[in-house]
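Breakdown of the fold
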Amino acid sequence: MAVCARLCGVGQSRRCRRRQRHNQQDQGSDSDMDEEEGERIVGETQAVTGSPENSAVAGTGPPNPQSLLDLPPELLVEVFSSLPGTELPNLALVCKKFRQILNTETIWRRRCTEEFGMREDLRKMEVVGVSSRELYAKLLHPYRHILGLWQPDIGPYGGLLNVVVDGLFIIGWMYLPPHDPRVEDPMRRRPLFRIHMWESNKVAVECMYGHKGPHKGDIQTGKKDEFSTKCNQTDHHRMPGGRQEEFRTWLEEEWGRTLEDIFHEHMQELILMKFIYTSQYDNCLTYRRIYLPPRMPSDLLQPGLFKGTYGSHGLEIVMLSFHGPCARATKLTGDPNVPAGQLTLDVDLNRPVCLPDLEHQRSMEELSRLVLGVHEEVQREVQSPDVAPQGAASEGAVAGGAGAAGLELAMEAQSESPQPGPSSSSSAPSEAQPFVLPLGVMTRNEIYPRTCKMCFYGTGLIAGHGFTSPERTPGLFVLFDEDHFGFIWLELKSFSLYSRLTDRLAHAYAPDMERFEAMLRNMQSWTS
């Protein structure tokens, strides 16, 4: 009763006040008396509204209700429908009247719609004999914690899983990059598991891996922000032709080609290694929650997920986020050299680089001179952090303060500072300037944007096989537009082009920046 009174805002009920004055009965007997009183009030209400002379009162209730029990049932249905579904089971314990009202399908249909986006699908469930309350209590509510973005623990390769309510199912979709090197193509996705109540009133978990259709699986939730999947019928993953047929099928799906089409011996080794490593799991994986970064007013562009080219390793997925004067790209999918979870790009937004004219942009020596000049200045500041740099900034770069204000000042200075060369021109941040890759720089994409908005000094992470001898090497971050950026790796003499993921990922964004940064730190520790 105290719960009822607090919900309607009229203070404690008479029995609660009497219990406080006497304080002689234990908690169990008090709850019994509350329920008895609730049943008595319901009976009195039914008796009053059932008489012909008081039939007009049935729809409106008492003129001055003193508690929720005095409200008419249709109004209680509306009130209860607006409460979170997690609170309704406790509300049902208050009294018999509340318990009866909470059996109304309208309440649970609204909770399924507002919390999980289900609309027309609810009608289909009701046709097969599954109520909205059963759907919420047995499927949606128990598995709500696995909705969102996840990264599978597949060694250095990682991945991107989005668990969503999809029609009458909860489905785990694995997102895969397009076939190399078509970075502009849409993402591919493959279902790994699904949960449903379609065939009976019991929840069924099915593994979708393999080529023989859905089969029995299991999902285990233990630690916070972590869950595991298990296939109970791994024979469904096998193919009649054995491992060779499985490999050829996987190769066509993963790379869009056959082994005979891949002439590069090193790439063949990398592909075979990935198949052997990933196929051993048989969809028995552990997943850890990840978030998309929230956008801040000072961000250079919308943060989020991008797919980019990584040489012989193919296309990989990175997450671009902004941290004050820095932009960082973290790998969600990786390779044996630099695994998933590592910081692949670190860009200093306070160090823009002014590009020369197109003729000098084609010179690798000119680009190296500009970027390495900034890199040497950064190294001097790191070695002597208490000593401010004297004189003007290094050639090709403009220093600025931290944050959005510093970036704006740096960009203004960049637009005013002429760059040495026959055609010393630079553009304002909002204007596009011509761009061309230097001769000798390798790229997987011959078609890339020929204009850019800004360029910044940054570093990229490179390492040997098995993540041995990792080091950060200088490079040039090139912002083409809101959905494309690139990075020139000076030491590797290669260019990576990144294109934004346009898929709508449900339950994906971090509640705040602190939670996102904590997730990033944990992600790097998973693969370090």
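Note: the structure precedes this text.
Here is what the cut-offs are and how they apply
- Residues numbered from 1 in each chain as written.
- Predicted model: local features only at pLDDT ≥ 70, side-chain atom pairs only at ≥ 80, totals over all residues.
- Heavy atoms only, no water.
- Helix = DSSP H or I, 4+ residues; strand = E, 2+ residues; numbered from the N terminus.
- Buried < 20%, exposed > 50% of the residue type's maximum accessible area, 1.4 Å probe, protein only.
- Areas by Shrake-Rupley, 256 points an atom, 1.4 Å probe, with all protein chains shown as cover.
- Lys, Arg positive; Asp, Glu negative; His and termini not counted.
- Salt bridge = Lys/Arg side-chain N within 4 Å of Asp/Glu carboxyl O.
- Polar contact = N/O pair within 3.5 Å; in protein donor to acceptor, adjacent residues only side chain to side chain.
- Contact = heavy atoms within 4.5 Å.
- 1 Å grid on protein atoms, 1.4 Å probe; cavity = no way out; pocket = protein on both sides within 12 Å on 5 of 7 lines; lining within 4 Å.
- Points joined across faces, edges and corners; volume = space filled by probe spheres on them.
- Nonpolar A, V, L, I, M, F, W, Y, C, P; charged D, E, K, R; others polar.
- Domains from an automatic or database assignment.

Here we come to the overall build of the protein. Along its length, the protein carries 15 helices and 19 strands. Split into buried and exposed, the 528 residues of the protein put 48% on the buried side. Just so you have it, the protein exposes about 25,800 Å², and 51% of that area is on carbon and sulfur atoms.

With respect to the helices and strands, D357 occurs in the loop between β12 (343-352) and α12 (358-361). An unpaired buried charge is present at D357: no salt bridge exists, and R362, the closest side chain of opposite charge, is 7.6 Å distant. One polar contact links D357 to H360, side chain to side chain, over a distance of 2.9 Å.

The topology assignment puts H237 in the loop between β7 (226-231) and α10 (242-255). By relative accessible area, H237 is classed as buried at 4%. Among the polar contacts listed, one links the side chain of H237 to the side chain of D282, at a separation of 3.2 Å. Apart from the residues within four sequence positions on either side, H237 is in contact with C207, Y209, G210, H215, C231, E246, D282 and N283.

Put simply, the largest pocket is a space of about 950 Å³. Taken together, 46 residues make up the lining of the largest pocket; nearest its centre are L176, R190, W250, E254 and T278. Sorting the residues of the lining of the largest pocket by element identifies β3 (169-176), β4 (188-196), α10, α11 (265-279) and β10 (315-323) as the ones contributing at least two each. Here the lining of the largest pocket is composed, by residue class, of 21 nonpolar, 13 polar and 12 charged. Each of domain 2 (143-286) and domain 3 (292-378 + 431-526) gives at least three residues to the lining of the largest pocket.

Here the focus is empty space enclosed by the protein. Under the definition given, this model contains three cavities of 30 Å³ or more. Quantified by volume, the largest cavity comes out at close to 60 Å³. In terms of lining, the largest cavity is formed by 13 residues, of which the most central are L355, P356, Q361, L367 and P438. For the lining of the largest cavity, the secondary-structure elements that each account for two or more residues are α12 and α13 (364-383). Of all the elements, α13 adds the most residues to the lining of the largest cavity, at three residues.

The quantities given are spatial measurements derived from coordinates; they are silent on function.
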